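Overview (structure and organization)
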Amino acid sequence: GADELVPLTNGPAAFAAIGEALSWARHSIDLELYEFQRLDLAALLLDARDRGVTVTAIKDPSERSSATVWAQLEQSGVRVVSFPLERLTIDHVKLLLVDGVRAIVGGINWGTHSPKNHDFDVLATGPVVENLERVFKQDLALSGDPALIPSPAADRAVQVLTTHPGEGIRAAALAAIAAAQHSIDVEMFVLSDRLVLEALLLAARRGVNLRVLLDPTQPQNAAVFGVLQPAGAVVRFYHQSASDELLHAKLGIFDAETVLFGSCNWSRSGFTRNHELDLLVREPTLARTFLSRMDRDWTASAP
């Protein structure tokens, strides 16, 4: 459709695009992040503010390792508001909007070790940016900062999905799993939601080729291995090349043509308690690009 999505399939590619977008900004930067420790990116935000760009940020106040950077930005005059958290919730969104026309969205935090993690993001232009801006404005309003919330933009190719508020991500995952005819490929940091696991089991039993790559550091994933493999799924744990590297991806690819990805782990907390942001994209080219990256991770993780 009218959207253009540039795949960012690793940390270096994502942070190169982030740095370029921050340097390119001329009017506004809107930022919502769970984890922010990168002093170099904070400096780019301050450079943008100094050249007259309006910088607005939404932070998760519970993420303590980011407190120093957020404080530096606030003390330098950047408007930073705290997302309102309930018990056991986090604002897990990773979203950058520049001048209202360009967005970077996906799973990558702006943490010290984030470039080493395996995440999936896109650089987006088109109607999807309007709908992502709408999420940001809604979150500003929830944070007590009055904001004019625009109407949704018509966009059949790219759906913007949120949780808490909203329940769209689990529903999208279940619908995509149920509709899959040939293959489901999952690359996931945490996979533990009972409803999704049951749907994946049904898919495997009806003959869908199910391949699942999991992060080895998350204890919930060990039980998932024992549930899915006897049903016919092919499951591996990601092989870490460094101790501080994570398979941080939250990615599902269905029939090599539909992609669900973003900040949301396929867990009960991700689907119901946390504030998360995902995209559902029906585009075979993007699916093949992400699938190619998963193939490399899969091969590197051979038993």
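Conventions used here
- Residue indices begin from 1 for each chain and proceed along its sequence in written order.
- Reporting of local features is limited, given that this is a predicted model, to residues whose pLDDT is at least 70; pairs of side-chain atoms are given and counted only at 80 or more, and all residues count toward the totals for whole chains, interfaces and linings.
- Note: side-chain values were computed over all heavy atoms of the structure, leaving out hydrogens and water.
- Secondary structure elements are taken from DSSP: a helix is a run of H or I of four residues or more, a strand is a run of E of two residues or more, and numbering for both begins at the N terminus.
- We compute the radius of gyration over the C-alpha atoms and compare it with the globule rule, which gives 2.2 Å times the number of residues raised to the power 0.38.
- Relative accessibility decides the category of a residue: with a 1.4 Å probe and only protein chains considered, values under 20% of the type maximum give buried, values over 50% give exposed, and everything between is partly exposed.
- Computed with a 1.4 Å probe, the accessible areas rest on the Shrake-Rupley method; for each residue, only the protein chains presented here act as cover.
- By definition in these notes, contact holds between two residues if any of their heavy atoms fall within 4.5 Å.
- Expected helix span is taken as 1.5 Å per residue step, with the number of steps being one fewer than the number of residues.
- We define a nonpolar core as any set of buried Ala, Val, Leu, Ile, Met, Phe, Trp, Tyr and Cys residues linked to one another through side-chain atoms lying within 4.5 Å.
- Throughout this description, a polar contact denotes any pair of N or O atoms lying within 3.5 Å of each other; where both atoms belong to protein, one of them has to be capable of donating a hydrogen while the other can accept it, and for residues adjacent in sequence the pair is counted only when both atoms sit in side chains.
- In this analysis an axis means a line fitted to C-alpha atoms, helices contributing only their contacting stretch, and an angle means the value between N-to-C directions, from 0 to 180 degrees.
- An angle below 35 degrees is read as roughly parallel, one above 145 as roughly antiparallel, one from 65 to 115 as roughly perpendicular, and any other as oblique.
- Crossing handedness is defined as follows: a turn of the near helix away from the far one that is anticlockwise and smaller than a right angle gives a left-handed crossing, while the clockwise case is right-handed.
- Residue polarity follows a fixed list, in which Ala, Val, Leu, Ile, Met, Phe, Trp, Tyr, Cys and Pro are nonpolar, Asp, Glu, Lys and Arg are charged, and the others, Gly among them, are polar.
- Pairs of strands are assigned from DSSP output, requiring at least two bridges between the strands.

Some points on the overall build of the protein chain
Looking only at helices and strands, one finds nine helices and 14 strands in the protein chain. Compactness check: the protein chain gives a C-alpha radius of gyration of 19 Å against a globular reference of 19 Å for 303 residues, within 12% of the reference. Over its C-alpha atoms, taken along the principal directions, the protein chain stretches across nearly 55 × 45 × 35 Å. In the protein chain, which comprises 303 residues, the share counted as buried stands at 56%. Roughly 12,400 Å² of accessible area belongs to the protein chain as shown, and the carbon and sulfur atoms make up 53% of that amount.

Quick word on the environment of Val-234
Here Val-234 lies in strand E11 (residues 234-237). The partly exposed category is assigned to Val-234, whose relative accessible area is 44%. Along the backbone, Val-234 and Asn-209 are 25 residues apart, and their C-alpha atoms lie at a distance of 8.3 Å. Setting aside anything within four residues of it in sequence, one finds Val-234 in contact with Leu-210, Arg-211, Val-212 and Trp-298.

Details of the side chain of Asn-274
Mapped onto the elements of the fold, Asn-274 is located in the loop between helix H8 (268-273) and strand E14 (276-282). In this structure Asn-274 touches Leu-88, Thr-89, Ile-90, Thr-163, His-164 and Ser-269, once residues within four positions along its chain are discounted.

Remarks on helix H2 (residues 39-50)
Along its 12 residues, H2 runs 16 Å from first to last C-alpha, staying within 8% of the 16 Å computed at 1.5 Å per residue. Those residues of H2 that are buried are in contact with helix H1 (11-24), strand E2 (28-33), strand E3 (54-59) and helix H3 (67-75). Of the residues flanking the end of H2, it is Gly-52, one or two places downstream, whose phi is positive at about 100°.

Notes on the nonpolar core
By size, the foremost hydrophobic cluster in this structure holds 33 residues, and its most contacted members are Ile-177, Ile-184, Leu-191, Leu-228 and Trp-266. Contributions of two or more residues to this core are made by helix H5 (168-179), strand E9 (183-188), helix H6 (194-205), strand E10 (209-214) and helix H7 (220-228). Here this core gets seven residues from one element, more than from any other, and that element is H6. Not counting residues up to four positions away in its chain, the partners in contact with Ile-184 are Ile-177, Leu-200, Ala-203, Val-208, Asn-209, Leu-210, Arg-211, Ile-253 and Phe-254.

Structural notes on the side chain of Asn-221
Examined against the element boundaries, Asn-221 turns out to sit in helix H7. Accessibility expressed as a relative area gives 0% for Asn-221, which makes it buried. At a separation of 3.1 Å, a polar atom in the side chain of Asn-221 contacts the main-chain amide nitrogen of Leu-191. For Asn-221, the side chain forms a polar contact with the main-chain oxygen of Asp-215, separated by 2.8 Å. Excluding its chain neighbours within four sequence positions, the residues that come into contact with Asn-221 are Met-188, Phe-189, Val-190, Leu-191, Leu-214, Asp-215 and Phe-237.

A word on the packing of H2 against H3
H3 packs onto H2 with a crossing angle of 15° between their chain directions and a minimal axis gap of 11 Å. One element, H2, and the other, H3, form an angle in the roughly parallel class. The way H2 lies across H3 gives a crossing that is right-handed. Across from Leu-39, Ala-42, Leu-45 and Leu-46 in H2, the residues of H3 making contact are Val-69, Gln-72 and Leu-73. Looking at side-chain class alone, the contact of H2 with H3 contains six nonpolar, one polar and no charged residues.

A short note on the sheet that holds E14
An order of E8-E14-E13-E12-E9-E10-E11 is seen for the seven strands of this open sheet, with the pairing classed as mixed. Looking at strand neighbours, the two that pair on one side only are strand E8 (158-163) and E11, the edges of this open sheet. Strand-to-strand twist of the sheet, defined as the mean angle between neighbouring strand axes without regard to direction, takes the value 10°. When strand E13 (residues 258-262) meets E14, the two strands line up antiparallel, connected through five bridges.

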